[in-house]
Amino acid sequence: MQYSKKVMEEFMNPKNIGELKNPDGVGKVGNPTCGDIMQVHIKVKDNKIEDIKFKTFGCAAAIATSSMVTQLAMGKTLEEADNITYENLAESLKGLPPIKMHCSSMATKALKKAIIDYKTKSGGKNNGK
Ligand code: FES
């Protein structure tokens, strides 16, 4: 398995690991085939992702893509964050082996779920915090 240098950097030194206290949105995804699990917490202010953290139990690509998706989403509007695709994410990591593209897809799904969770909880309104 050939990982890019960028994937290895993120895997060895992931950013935004952990959980947020009282998150505004939580997204959790699991893949029954590989057994990996990802969780994303977000804090939202003025329609922007003010803070974001992840916890991932998974392969090197799962850790690297989770770390990278939090960095891409930080400070973005909810719409911009929701528009991050698994292809964008893989590109930011200078590519992923084809069998690892599902790791990238899981990371964007976890982020999208956190955004949906926030919107559901806030009733679609900006919470004005
Ligand atoms: Fe399943 Fe990486 S092998 S998330």
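Up top is the structure.
In this report, the structure presented in the accompanying data block is examined. (Residues numbered from 1 in each chain as written. Predicted model: local features only at pLDDT ≥ 70, side-chain atom pairs only at ≥ 80, totals over all residues. Heavy atoms only, no water.)

Some remarks on the sheet that holds strand E3 (residues 48–57)
1) Next: In spatial order, the strands read E1-E2-E3; together these 3 strands make up an open sheet with antiparallel pairing. Both edges of this open sheet fall to strand E1 (25–30) and E3, since each of them pairs with a single strand only. Along the sheet, successive strands turn relative to each other by an average axial angle of 15 degrees, direction set aside.
2) Next: Sheet topology places strand E2 (residues 37–45) next to E3; 9 bridges connect them, and they run antiparallel. Bridge pairing links Ile-42 to Ile-52 in E3.
3) Next: Relative to E3, helix H2 (residues 60–73) is tilted by about 175 degrees, and along the sheet it contacts E2 and E3. (Pairing = 2+ DSSP bridges. Helix = DSSP H or I, 4+ residues; strand = E, 2+ residues; numbered from the N terminus. Axes fitted to C-alpha atoms, helices over the stretch in contact; angles between N-to-C directions. Contact = heavy atoms within 4.5 Å.)

A short note on the pattern of salt bridges
1) Next: In this structure the tally under the stated criterion is 5 salt bridges.
2) Next: In this structure, Lys-112 and Asp-82 form a salt bridge, with 3.7 Å as the shortest nitrogen-oxygen distance. You can see Lys-112 sitting in helix H5 (residues 101–122) and its partner Asp-82 sitting in helix H3 (residues 78–82), a full 30 residues away along the chain.
3) Next: Judged by its relative accessible area of 28%, Lys-112 falls in the partly exposed class.
4) Next: Across the pair Lys-121 and Asp-117 runs a salt bridge whose closest N-O atoms are separated by 2.8 Å. Taken together, the residues span about one helical turn, with Lys-121 and Asp-117 both in helix H5 at a distance of 4 residues.
5) Next: Connected through salt bridges with shared partners, the residues Lys-6, Glu-9 and Glu-10 form a single ionic network. (Salt bridge = Lys/Arg side-chain N within 4 Å of Asp/Glu carboxyl O. Buried < 20%, exposed > 50% of the residue type's maximum accessible area, 1.4 Å probe, protein only.)

Details of empty space enclosed by the protein
1) Next: Inspection of every chain in the model, using the stated rule, returns 1 cavity of 30 Å³ or more.
2) Next: Of the volumes computed, that of the largest cavity is approximately 30 Å³.
3) Next: Among the elements of the structure, E2, E3 and H2 are those that each provide at least two residues to the lining of the largest cavity. (1 Å grid on protein atoms, 1.4 Å probe; cavity = no way out; pocket = protein on both sides within 12 Å on 5 of 7 lines; lining within 4 Å. Points joined across faces, edges and corners; volume = space filled by probe spheres on them.)

With respect to unusual backbone geometry
Excluding glycine, residues mostly have negative phi values, and the peptide bonds linking residues are mostly trans.
1) Next: Here the phi dihedral of Asn-16 falls at roughly 60 degrees; this positive angle occurs in a residue that is not glycine.
2) Next: For Lys-94, which is not glycine, the phi torsion reads 60 degrees and is therefore positive.
3) Next: Note on placement: Lys-94 falls in the loop between helix H4 (86–92) and H5.

Remarks on the nonpolar core
1) Next: If you look at the biggest cluster of nonpolar residues, it comprises 33 residues, and the most contacted ones within it are Met-38, Val-40, Ile-42, Ile-49, Ile-52, Ala-73 and Leu-111.
2) Next: If you list the elements that add at least two residues to this core, you get E2, E3, H2, H3, H4 and H5.
3) Next: Here this core takes 8 residues from H5, the largest share from any one element. (Core = buried A, V, L, I, M, F, W, Y, C linked by side-chain atoms within 4.5 Å.)

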